[in-house]
Amino acid sequence: MLPISDHSKQANAAFTSTLDTVIKHVTDRHANLHATAILPTGEAIAQTNASLPVSLPARGLGTDGAISYLIDSILPGILQAQNGPRYFGFVVGGVTPAAQLADMLATSYDENVQVNLHQQTASTAIEQRTLELVLDLLDIDRSKFMGRTLTTGATACNVLGLACARDYLYAHSPHLPSSYSYAQDGPPSAPGLPSPPIIILSLHPHFSIQKASALVGLGSSSRIIQTVPPQAHDELAFDLDILEGRLREEQAVGRGVIVVYGVGEVNTGSFGNGQGLADVAALCRTHGAWLHVDAAFGGFAGLMPELRDHTKHMDQADSLTLDGHKWLNVPYDCGIFYTKHASALTNIFQPPSASAPAYLASGSAPSSAGVTDSAIAGTVNAADVPSPLFVGLENSRRFRALPLLASLLSLGKEGYQDIITRNVLFARKVAAFLSTSPSYDLLNPTTSHPLPTAQTPAIIPSNIVLFRGSSDSPFPPSDPASAASLTSRINGSSRMYVSATRWRGEACVRLAVSNYLTGSAEGGPDVDFDIVREVLERVGRGEEVKFER
Ligand SMILES: *Cc1c(COP(=O)(O)O)cnc(C)c1O
């Protein structure tokens, strides 16, 4: 037997004695999540703040002391059930049982998935297979996206997408030497290079596109990120004639264009109608533009067959952003990035070998082009996988693949189809209720209805319901503060949670359904819907709804 140090002995004893406390706490939370008040009380927040250590203690509390302090004094002051079935703020998802447990295991091993040492650890191979299974889930041919990595979230994926686009567009600029490398040579200057040299054309881009564009050196003003007008009868679909005209114009002057196409608009959960994505992709190919698809949550909507048309052309993207920590219900943080151009990431993140620190080399050259002769095209071999640090921003990184893999395997494709379908049906039930209630106006646009006063019919394209108080309610649209007070009145119930937003220039309320616990089979009993309806009915009558179990 190997000897054990006193240190290890003490750490083991402290760990074991505290583990029971943690397991009990987590077990109780899990069992009671549906009945837990979503928000902490004001007093709980004040108590947590008051109990924060004033300074770092010279002598530590010990494992048991520190964990007991968290459970007793710190955790009561944070959101109590953001991962519960009636938290409808933002698009946060929850955490499936398998994902939660696997995340604990990932911490237990604490492996730094950074360098591909494939003869010493299978972790990079595990990550690659997980990324392939996500493509399988979406019915995307694995070989379409040979550039892949897990990130901290969709924002980080958007950074990667725009960085790849930037390098590609400079490398293909008619004004620069062929294969100009922005990553190597920085911002170019050349006679005739237009200013700005690269623009983004988009429609309702998520705010994170601005951040990403600023960070990768493209700029983020409205001169750089330009809005393509929507179609007259569909505010979520690009006007294709105008887009084509713009792409032609920019190609003529040799300006690089990135088209950012959102699959799933964040306020409405909607998609442009028809063949939008396929048509936009075709125009981008013809005119040399880079197509970046931001499908953070909406990319999974197609798991419900009737929404499939909106997502089925995502495989035509040059780069694709997805989130694991939203609709896939894996824990924070987990973003999923794909690109068609396998070398796009390594061109940026893998310094020429001369300048790569020797200790980061994996010690084996890729054996082939990266594709094996295995049965499924696009499946990669562990030996051929680039080190994660050469395809992404981070060097040291968490083993994010483990909870994602566990969740995918625990549910299978059918399990995820069930979550997406239940969530969408739930959103539609809420919308149907709101559209007939005298207290509310439903605002989601529908493709079949004229835009400016789209209060009927109650057809919700996916999982987000957008609404406001009606003019007969205590929260009339004529009062500019009414959406905020309606939001806080609903959230004050602590039985459900929504967020405030703006749409068509007006304040309104947004309810996003993305938790694996929410919703029931079509027509089945639905306790969460009953609670939501009761809260909305009472708030709509002007009542203040207090939390009761
Ligand atoms: C949430 C979201 C983002 C940002 O994602 P994070 O994971 O929060 O970084 C980007 N784009 C869309 C469409 C989103 O819904």
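Below you will find a few notes about this structure. Predicted model only: the values in this text are computed from it and were never measured.

Looking now at empty space enclosed by the protein. Inspection of the entire model under this criterion finds 4 cavities of 30 Å³ or more. Computed from the structure, the largest cavity encloses a volume of approximately 240 Å³. Lining the largest cavity are 22 residues, with His204, Gly262, Val263, Gly264 and Glu265 sitting closest to its centre. In terms of residue count, the dominant contributor to the lining of the largest cavity is strand E6 (residues 256-262) (3 residues). Of the voids in this model, the second largest cavity is the one considered here, and its volume is about 90 Å³. Taken together, 13 residues make up the lining of the second largest cavity; nearest its centre are Tyr261, Phe271, Gly272, Leu277 and His310. Taken together, the elements giving at least two residues each to the lining of the second largest cavity come down to E6, helix H10 (276-287) and helix H11 (308-311). The class makeup of the residues in the lining of the second largest cavity is 4 nonpolar, 8 polar and 1 charged.

The next point concerns the sheet that holds strand E8 (residues 319-323). The strand order across the open sheet built from 7 strands is E1-E9-E8-E7-E6-E2-E3, with neighbouring strands paired in mixed fashion. Two strands lie at the open edges of the sheet, namely strand E1 (147-151) and strand E3 (225-227), each paired on one side alone. Along the sheet, successive strands turn relative to each other by an average axial angle of 20°, direction set aside. Where strand E2 (residues 198-202) lies against E3, 3 bridges are found, and the strand directions are parallel. Note that in E3 the partner of isoleucine 200 across the bridge is isoleucine 225. Where helix H9 (residues 240-253) meets the sheet, it contacts E2, E3 and E6, and its direction lies at approximately 175° from that of E2.

It is worth spelling out the site of the ligand at this point. Around the ligand, the structure places 13 residues, and the nearest of them are Thr155, Asp294, Asp323, His325 and Lys326. One of the backbone N or O atoms of alanine 154 is found 3.0 Å from an oxygen atom in the ligand. With respect to the ligand, the side chain of threonine 155 contributes an N or O atom lying 2.6 Å from an oxygen atom. Across the complex, the protein chains shield 83% of the 380 Å² of accessible surface that the ligand would expose by itself. At 3 residues, helix H6 (residues 154-171) tops the list of elements feeding residues into the shell around the ligand.

Judged by which residues are buried, strand E12 (residues 499-503) turns out to be one-sided: Ser499, Thr501 and Trp503 face inward and are buried, whereas Ala500 and Arg502, on the alternate face, are not. As paired strands, E12 and strand E13 (residues 506-512) are joined by 5 bridges and run antiparallel to one another. When the bridges of E13 are listed, alanine 500 appears paired with valine 509. In this structure, the hairpin formed by E12 and E13 is closed by a connection of 2 residues, where arginine 504 is found at a positive phi of approximately 50°.

This next bit is on the layout of surface pockets. Empty space within the largest pocket amounts to approximately 1,400 Å³. Along its surface, the largest pocket is lined by 37 residues, and Val22, Val26, Arg29, Gln100 and Met104 are the ones closest to its centre. Listing elements by their share of the lining of the largest pocket, those giving two or more residues are helix H1 (6-32), helix H3 (62-74) and helix H4 (97-109). For the lining of the largest pocket, the element with the highest residue contribution is H1, accounting for 10 residues. Counted by class, the lining of the largest pocket contains 21 nonpolar, 13 polar and 3 charged residues.

Attention now goes to the side chain of aspartate 167. Looking at the secondary structure, you find aspartate 167 in helix H6. Those residues in contact with aspartate 167 that sit more than four places away from it in its chain are Tyr180, Ser181, Tyr182, Ala183 and Ile348.

All right, on to the nonpolar core then. Residues Val259, Leu320 and Ile336 are the most contacted members of the largest nonpolar core, which totals 58 residues. With 8 residues, the single largest contributor to this core is helix H13 (residues 401-436). Counting residues in each nonpolar core, the second largest holds 31 residues, with Tyr170, Ala190, Ile224 and Val391 among its members.

The rules behind each value
- Residues numbered from 1 in each chain as written.
- Predicted model: local features only at pLDDT ≥ 70, side-chain atom pairs only at ≥ 80, totals over all residues.
- Heavy atoms only, no water.
- 1 Å grid on protein atoms, 1.4 Å probe; cavity = no way out; pocket = protein on both sides within 12 Å on 5 of 7 lines; lining within 4 Å.
- Points joined across faces, edges and corners; volume = space filled by probe spheres on them.
- Helix = DSSP H or I, 4+ residues; strand = E, 2+ residues; numbered from the N terminus.
- Nonpolar A, V, L, I, M, F, W, Y, C, P; charged D, E, K, R; others polar.
- Pairing = 2+ DSSP bridges.
- Axes fitted to C-alpha atoms, helices over the stretch in contact; angles between N-to-C directions.
- Contact = heavy atoms within 4.5 Å.
- Near = heavy atom within 4 Å.
- Polar contact = N/O pair within 3.5 Å; in protein donor to acceptor, adjacent residues only side chain to side chain.
- Areas by Shrake-Rupley, 256 points an atom, 1.4 Å probe, with all protein chains shown as cover.
- Buried < 20%, exposed > 50% of the residue type's maximum accessible area, 1.4 Å probe, protein only.
- Core = buried A, V, L, I, M, F, W, Y, C linked by side-chain atoms within 4.5 Å.

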